[in-house]
Structures are given as C-alpha cells and as structure tokens.
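# Observations on the model geometry
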Amino acid sequence: MDEPLELVKRWLQRRQNDLAGSQGSVIGVDIGSYGLRAIVADLQGQQVVADHRPLPTGNADTIVEQVLDLTRGVLQQMSRPQHVARIGLGFGGPVDINAGVTRLSHRASGWENYPLATRFEDAFDAPAMLDNDANVTALGEATCGAGADRRNLFYLHLSSGVGGGIVLDGRLYHGTTMIAGEIGHVIVRYDGPPCSCGGNGHLESYVSIGGLLRRVNELGLRTDDLEQVFGEEQAGKQTVAEATEMLGRILANVATLLDPEMIVIGGTVGRIGGASFIQAISEQLQAGLPPTMRRDVPVVASTFGHDSVAVGALALAACSLSD
C-alpha cells in the first residue's frame, strides 16, 4: 500500500475512540486539483483504497459523471463493502461550503453555483461536505500528515494558483464569507502584474507557476519549464531568490497574525523547488519576525503530494463524524 494510504489507515485506527459507534466507510474526493481522485476507508482503519483518472475535458456535468463513476469503482474494490457514512469533497476553485455548491472554476464551464454536494448525496445516499482544495489539504496535513496532531497550522499551496488553508484549534477556519486563507490575493504592489482574479500585484502574480515563469523570462531565460527556474541559470537563481524573500516576508506576517505551530508548503512549485527552496523560505520567515516575537516556526513540505486533496477531503468527512 502506498505511504499516504498507510498514514490515513494509522490515523483512523488512532481515532477509533473518537469515532466510537460510527460504522461504515468515508470517502474523500478531489475534483480538479490533481485530476480526479477518490479514496475510500472504513472507519476502523482496516481498509483504505484509492484510484485516480486524468481530468477530462468538458463541462461540469461531464466531469461529475466521471468522478462519480470513479468513486463507485473505488467502493467496489473494498473487500468488505460497508455503507457510506460521510463524503468529503475537495474542489479546485471557490465554493460555498454552507450551500454545498461551487462558485466557479477557472478551468471549465458550468461550475457556477453547481450543486456538487447534492450530486454526491443523491448518488451515494450519504451526507456530503464540500470545501476548496487548499482548505481540505490543510486539514489533511494537520490530522495525518506533516502536522499530525498539531492544533494550529497554516498551509500554503503554490501551483498554477496560490492559496492557503488555516487550521485553528484543530478545526478549519473559514472566516465570515468563507475566504479566510486566500493568501494568494494579498497585495504585494498596487502597480504589480495582473492576477487571475482581476486585481493587480497580488502574491499569486509573483510566485505561482505563471508568475515565476513571467519573471524568469523578464530576466532573459526564455522558457516555459518550471524545472529550469530552479536550475543553475542566473536568471532562475534570481527569480527563486526574489520569490523566497517575498514568501518569507508574507509568511512572517502570517506567523505574527495567527501564531501557528507549523507552516506546511505544498503544490507543484513546492515539490519542484524541493528542500532547499523551503529552507530558504524558512530562513526569510525567521528573519522577518518581529524581534519580540521571534521563535522557531517550522516550515515543512507537505506529505501527500498528488493525493493531498483527496486525503484532506477524507479527513473532512471523518472529522465531521465526531463533531
């Protein structure tokens, strides 16, 4: 069994006292962040099964039919089938968690106010919970990943977009209008480059995949390959140095504001940048903390890679049973 699934299995086994009386299985689904992924686990942590497919082309209905079919297939792989107790859904875009609907997708049409939770509830006759990909990843890391059993954690996602998730006192924090953690849209410069949201000079404009490639091209390295940004070319080294300084400064503000036990960094940029990139961010963060508030704030790589959203969605489903 893959290591991420082993971690999920052990976490569920440790949680049996919290889930006393709970029977059946829980499902975690990733829609759009890393293609389509589904993980099913029984609540005793004896079986954990997963599968994935590439993200298909087409509108929301087409994609949902594909992910429902994928999830049914994973359920059929369970050697001891059980009823579904709860479903967690992680979506690669903004959502309304109370209504269980997606607000929109930057990748495909038809996701405006789409009743995603209802589609799964109707298909599996079980309650479904929806959240965005960064939030569920934060919860997954705080429960059974890099920050296992940490009560206060901040997760930073660096990929084609930049997002974040906040876990406070063991629970996801969403804020008044459910946009807490959207660190990609904090302002770096009012006159900065355009952001995907329509604003200018947001953090995402600088440290997303597109932002890093834009900057390295400005400095003379003509490439659309993120690997080259983290290579030996001087333009790449300068781009990475600027990004780590910016991220360290922003995360120092996060640490001052939220006082987390740990900061976890994931996404494509974090994986390709590797340990040296995360270490450089950590050093910039420590340097940016106010003198009276300096302490060791661990900055670590995420645990689950491509499985992170599905694992986090499963954690969302399982944790809801003990609320």
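Structural data are supplied above this passage.
Calculation rules
- Residues numbered from 1 in each chain as written.
- Predicted model: local features only at pLDDT ≥ 70, side-chain atom pairs only at ≥ 80, totals over all residues.
- Heavy atoms only, no water.
- Pairing = 2+ DSSP bridges.
- Helix = DSSP H or I, 4+ residues; strand = E, 2+ residues; numbered from the N terminus.
- Axes fitted to C-alpha atoms, helices over the stretch in contact; angles between N-to-C directions.
- Contact = heavy atoms within 4.5 Å.
- 1 Å grid on protein atoms, 1.4 Å probe; cavity = no way out; pocket = protein on both sides within 12 Å on 5 of 7 lines; lining within 4 Å.
- Points joined across faces, edges and corners; volume = space filled by probe spheres on them.
- Nonpolar A, V, L, I, M, F, W, Y, C, P; charged D, E, K, R; others polar.
- Core = buried A, V, L, I, M, F, W, Y, C linked by side-chain atoms within 4.5 Å.
- Buried < 20%, exposed > 50% of the residue type's maximum accessible area, 1.4 Å probe, protein only.

### Concerning the pairing of strand E3 (residues 48-53)
Here strand E2 (residues 36-42) pairs with E3 via six bridges, running antiparallel. Bridge pairing in E3 links Ala41 to Val48. Linking E2 to E3, which pair antiparallel, is a turn of five residues; within it Gly45 sits at a positive phi near 70°.

### Brief notes about the sheet that holds E2
Within a beta sheet, neighbouring strands are joined by backbone hydrogen bonds and run either parallel or antiparallel to one another. As summarised here, the arrangement of the five strands in space is E3-E2-E1-E4-E7, forming an open sheet in which the pairing is mixed. With one partner strand each, in any of the chains shown, E3 and strand E7 (128-132) form the two edges of the open sheet. Adjacent strand axes in the sheet meet at a mean angle of 15° when their direction is disregarded. Packed onto the sheet, helix H3 (residues 116-124) meets strand E1 (25-31), strand E4 (84-91) and E7 and runs at close to 150° relative to E4. Seen against the sheet, helix H4 (residues 133-144) touches E4 and E7 and runs at an angle of roughly 105° to E7.

### A closer look at the layout of surface pockets
Vacant regions in the atomic arrangement are exposed by a probe of water-molecule size rolled over the atoms. In this structure, the largest pocket encloses a volume near 760 Å³. At the level of elements, E7, H4 and strand E9 (162-168) are the ones that each hand at least two residues to the lining of the largest pocket. Of the residues belonging to the lining of the largest pocket, the class tally is 10 nonpolar, 16 polar and six charged. In this structure, the second largest pocket is lined by 24 residues; those nearest its centre are Leu139, Gly170, Arg171, Cys319 and Asp323. Elements supplying a minimum of two residues to the lining of the second largest pocket: E7, H4, strand E10 (171-172) and helix H10 (308-320). Along the lines of polarity and charge, the residues of the lining of the second largest pocket split into 10 nonpolar, five polar and nine charged.

### What to know about the nonpolar core
If you look at the biggest cluster of nonpolar residues, it comprises 36 residues, and the most contacted ones within it are Leu156, Leu158, Ile183, Val207, Leu251 and Ile265. For this core, the secondary structure elements donating two or more residues are strand E8 (153-158), E9, helix H5 (203-207), helix H6 (209-218), helix H7 (226-229), helix H8 (234-258), strand E11 (262-266) and helix H9 (268-288). It is H8 that provides the largest number of residues to this core, a total of 10 residues. Beyond its immediate sequence surroundings of up to four residues, Val207 is in contact with Leu158, Val162, Leu212, Ala243, Met246, Leu247 and Val269. Counting residues in hydrophobic clusters, the runner-up holds 34 residues, among them Trp11, Ala85, Ala138 and Leu153.

### Concerning H6
Three or more residues of H6 are buried, namely Gly211, Leu212, Leu213, Val216 and Asn217. Packed against the buried residues of H6 are H5, H7, H8 and H9. Gly220 lies just past H6 and shows a positive phi near 105°.

### Structural notes on the sheet that holds E10
Spatial ordering of the open sheet is given by E10-E9-E8-E11-E12, a layout of five strands whose pairing is mixed. Whereas interior strands pair on both sides, the edge strands pair on one side only; in this sheet they are E10 and strand E12 (299-301). In the sheet, E9 pairs with E10 via two bridges, with the strands oriented antiparallel. In the strand pairing of E10, Leu168 is matched with Arg171. Across the sheet, H8 is in contact with E8, E9 and E11; its angle to E8 comes to roughly 155°.

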